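# A closer look at the structure
Chain residues, written in single-letter form:
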Amino acid sequence: MFDAMNIADSGLTTQRKWLDAAADNIANINNVSRMDQAAFQERFVVARAAQYGEPKGAYVAGNMWGDPNGRVVLMPGHPMADSQGRVRVPDINLADQMASLMLAQRAYQANISVAERAKTTYEAAIGIGK
């Protein structure tokens, strides 16, 4: 009877981690690194649906990471620039990250709706027994 709540809970956890990753990527989109250092790496959350025999729902199977080389840009005069004026910046697309944030937010809201409806259903079922 509590499968709906457990599935919604697993979805909430998965979507929260997706939201955290997108927010972290956006927060670090303007990081600058020296040429001899890795650029900030974009994080991607790998979500999986549970397989038969596992607890129902979704889970985060791990993370994937963007290119540590980032993009090389010219910023002469920047304190971290090399002798040729080059620095590394993350190879992150803000539009992609905003779309990812919106998708994760909508999925999170959908899972909250499922949990609320399941709660209402369980409360009604308890009321029927009185």
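Described below are features of the structure shown in this document. Throughout, residues of each chain are indexed from 1 in the direction in which the sequence is written. Residues qualify for local features only when their pLDDT is at least 70, as the model is predicted, and side-chain atom pairs are given and counted only at 80 or more; totals for whole chains, interfaces and linings, by contrast, use all residues. Hydrogens and water are ignored here; the side-chain numbers use all heavy atoms of the structure.

Here we take up the layout of surface pockets. Here the term cavity refers to a set of points on a 1 Å grid, laid over the protein atoms alone, in which a 1.4 Å probe fits but cannot get out; the term pocket refers to an open set having protein on both sides within 12 Å along at least five of seven lines, with lining residues being those that place an atom within 4 Å of a point. Grid points are joined across faces, edges and corners, and a volume is the space filled by probe spheres set on the points. Approximately 190 Å³ is the volume attributed to the largest pocket. Taken together, 17 residues form the lining of the largest pocket, with Trp18, Arg43, Phe44, Val45 and Ser100 sitting closest to its centre. Within the residue set of the lining of the largest pocket, elements represented by two or more residues are helix H1 (3–27), strand S1 (43–49) and helix H2 (94–128). No other element matches the 6 residues that H1 contributes to the lining of the largest pocket. A helix here means a DSSP run of H or I that spans at least four residues, while a strand means a run of E at least two residues long, and both kinds are numbered starting from the N terminus.

Between Lys or Arg on one side and Asp or Glu on the other, a salt bridge is scored when a side-chain nitrogen of the former is within 4 Å of a carboxyl oxygen of the latter. According to the stated counting rule, one finds 5 salt bridges in the structure shown. Two residues, Asp20 and Arg16, come together in a salt bridge whose shortest N-O distance is 3.7 Å. With a gap of 4 residues between them, Asp20 and Arg16 both fall in helix H1, about one helical turn apart. Remark: exposure states derive from per-residue accessible area (1.4 Å probe, protein chains only) relative to the maximum for the residue type, with buried under 20%, exposed over 50%, and partly exposed in between. Residue classification places Asp20 among the partly exposed residues on the basis of a relative accessible area of 38%.

Structurally, the position occupied by Asn25 is in helix H1. What makes two residues a contact is simply this: any of their non-hydrogen atoms within 4.5 Å. With residues up to four places along the chain from it excluded, the contact list for Asn25 reads Phe40, Gln41, Glu42, Arg43, Ile92 and Gln97.

Moving on: the packing of H1 against H2. Throughout, an axis means a line fitted to C-alpha atoms (over the contacting stretch in the case of helices), and angles, computed between N-to-C directions, take values from 0 to 180 degrees. Between H1 and H2, the shortest axis-to-axis distance is 8 Å and the interhelical angle comes to 160°. Judged by the angle between their axes, H1 and H2 are roughly antiparallel. Between H1 and H2 lies a crossing whose hand is left-handed. Note on residue classes: Ala, Val, Leu, Ile, Met, Phe, Trp, Tyr, Cys and Pro are nonpolar, Asp, Glu, Lys and Arg are charged, and everything else, Gly too, is polar. Of the residues belonging to the contact of H1 with H2, the class tally is 22 nonpolar, 7 polar and 3 charged. Any angle between 65 and 115 degrees counts as roughly perpendicular, while under 35 counts as roughly parallel, over 145 as roughly antiparallel, and the rest as oblique. By convention, the crossing between two helices is left-handed when the near helix turns anticlockwise from the far helix through less than a right angle, and right-handed when the turn is clockwise.

Next up on the list: the environment of Asn28. One can find Asn28 in the loop between H1 and S1. The buried category is assigned to Asn28, whose relative accessible area is 16%. Separated by 10 residues in sequence, Asn28 and Trp18 place their C-alpha atoms 16 Å apart. Excluding anything up to four places from it in sequence, Asn28 contacts Phe40 and Pro90.

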